[in-house]
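Topology and contacts: notes
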Amino acid sequence: MKKKLYLASSNAHKRREMQEILPDYEIRIPSDDGLVFNPVENGKSFYENSLIKARALWEIVHEPVIADDSGICVDCLGGEPGIYTSRYAGPEFMHGKPDGSKISQEEQNKFLIEQLNETKSENRKCHYTCAMVLLLNSDRFFVAQETFEGELVKSIDEQAGSGGFGYDPIVFLPEYGKTVAEISAEEKNKISHRGKAVKAIAKILSSLTF
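Just so you know, these numbers come straight off a predicted model, no measurement behind them.

With that settled, the discussion passes to the overall build of the protein. Each helix and strand counted, the protein has 5 helices and 7 strands in total. Over its C-alpha atoms the protein spans a radius of gyration of 17 Å, differing by no more than 12% from the 17 Å that the globule rule assigns to 210 residues. Reported as C-alpha extents along the three principal axes, the dimensions of the protein are approximately 50 × 40 × 25 Å. Here the protein holds 210 residues, and the buried ones make up 44% of them. Relative to all contacts within the protein whose residues are 6 or more apart in sequence, the contacts with residues 24 or more apart total 55%. Total accessible area on the protein is roughly 10,500 Å²; 49% of this is exposed by carbon and sulfur atoms. Each charge sign in the protein was given a centre, from 26 positive and 32 negative side chains, and these centres are 4 Å apart.

Quick look at the confidence of the model for the protein now. Confidence in the prediction for the protein averages 93 pLDDT; 100% of positions are at 70 or higher. Confidence scores differ between elements of the protein, with helix α1 (residues 12-21) showing the lowest mean pLDDT of 83 and strand β6 (residues 171-173) the highest of 98.

Before going further, it helps to examine the nonpolar core. Core analysis: the largest hydrophobic core is formed by 20 residues, its most contacted members being Leu5, Met18, Leu22, Ile66, Met132, Leu134 and Ile201. Broken down by secondary-structure element, the contributors of at least two residues to this core are β1 (3-7), α1, β2 (25-28), β4 (125-137) and α5 (193-206). Broken down by element, the residue count for this core peaks at 5 residues, all from α5. Leaving out residues up to four positions away in the same chain, Ile201 has contacts with Ile66, Met132, Leu134, Phe142 and Ala144. Listed in part, the 19 residues of the second largest apolar core include Leu77, Leu116, Cys126 and Leu173.

This part takes up α1. One full turn of an α-helix is made of 3.6 residues, so residues set three or four places apart face in the same direction. Buried within α1 we find Lys14, Glu17, Met18 and Ile21. Buried positions in α1, seen along its axis, are confined to an arc of 100° and lie on one side of it. Against the buried residues of α1 lie β1, β2, β3 (65-74), β4, α4 (185-191) and α5. Its side-chain oxygen placed 3.1 Å from the backbone nitrogen of Lys14, Asn11 serves as the N-cap of α1.

Looking at the secondary structure, you find Ser50 in helix α2 (residues 46-61). Relative accessible area serves as the criterion here: at 0%, Ser50 is assigned to the buried category.

What follows is about the packing of α1 against α5. Running from N to C, α1 and α5 point in directions that differ by 45°, and their axes come no closer than 10 Å. Comparing their axes, α5 and α1 come out oblique. As α1 packs across α5, the resulting crossing turns out to be right-handed. In contact with Lys14, Glu17, Met18 and Ile21 of α1, α5 contributes Arg194, Gly195, Val198 and Lys199.

This paragraph deals with the packing of aromatic side chains. The description of an aromatic ring pair rests on the distance of the ring centres and on the angle between the ring planes. Enumeration according to the criterion identifies 1 aromatic pair in this entry. Considering the side-chain rings of Tyr128 and Phe148, the 6.1 Å spacing of their centres and the 25° angle between planes classify their relative orientation as stacked. In this pair, Tyr128 sits in strand β4 while Phe148 sits in strand β5 (residues 140-152), placing the two residues 20 residues apart along the sequence. Phe148 matches Tyr128 in its accessibility class, with the two residues each being buried.

One open sheet accounts for 7 strands, arranged β2-β1-β3-β4-β5-β6-β7; its pairing is mixed. Each of the sheet's edge strands pairs with one partner strand only, and the pair in question is β2 and β7 (178-179). Across the sheet, α2 touches β1, β3, β4 and β5, and the angle it forms with β3 is around 155°.

Taken together, the 4 bridges between β1 and β2 define a ladder with parallel strand orientation. Within β2, the position partnered with Lys4 by the bridge is Glu26. In this region the chain leaves β1, passes through α1 and returns to the parallel neighbour β2; the handedness of that crossover is right-handed.

Definitions and limits used
Residues numbered from 1 in each chain as written. Predicted model: local features only at pLDDT ≥ 70, side-chain atom pairs only at ≥ 80, totals over all residues. Heavy atoms only, no water. Helix = DSSP H or I, 4+ residues; strand = E, 2+ residues; numbered from the N terminus. Rg over C-alpha atoms; globule rule 2.2 N^0.38 Å. Buried < 20%, exposed > 50% of the residue type's maximum accessible area, 1.4 Å probe, protein only. Contact = heavy atoms within 4.5 Å. Areas by Shrake-Rupley, 256 points an atom, 1.4 Å probe, with all protein chains shown as cover. Lys, Arg positive; Asp, Glu negative; His and termini not counted. Charge placed at Lys NZ, Arg CZ, Asp CG, Glu CD. pLDDT = per-residue confidence, 0-100. Core = buried A, V, L, I, M, F, W, Y, C linked by side-chain atoms within 4.5 Å. Arc of directions from axis to C-beta. Polar contact = N/O pair within 3.5 Å; in protein donor to acceptor, adjacent residues only side chain to side chain. Axes fitted to C-alpha atoms, helices over the stretch in contact; angles between N-to-C directions. Parallel < 35°, antiparallel > 145°, perpendicular 65-115°, else oblique. Left-handed = near helix turned anticlockwise from the far one by under 90°. Phe/Tyr/Trp six-rings, centres within 6.5 Å; stacked < 30°, edge-to-face > 60°. Pairing = 2+ DSSP bridges. Right-handed = clockwise from strand over helix to strand, strands pointing away.

Here it is in structure tokens:
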């Protein structure tokens, strides 16, 4: 029987990626157990937000929890939108709209490219960051933080691919000649920020008993 690991997320895409990398564990998200889970992510870093989520879910399930916080950081925008990636709503609302409402992913992708183009910078480099926490109990946890480098496409018309999720169709990987959304799930798990962070956590898990 596989050991359970709770993932502090409502994102089924993240669970699928996690399950592919950790096949020896049963990855569960709160909705699998009918749990309401919506912690306030008010940390100042990816690591702080991932720990907030991990502790919030552990307080409910009292089982080992994995949580991650990730986002896209654009070099010439000073690393923005960063921890505000999911709330990003264009240059006027870099850290999210005041009323908390969100725009569609398609709009986010379009705005981010337009905002970069407005800088007139030739530097299109960006990277994803993922901070991942493995929380075993209220005081015992491990952290891995990894990045995944690429560059933004020059126009929304250049977005490509149906794999992945989020900003993947607009992040180009020069070494592959493809966007993140065009590479296979297996390829992505080998090189992505989350894939590398999960592998680091997997090594820690292999040395633990719980």
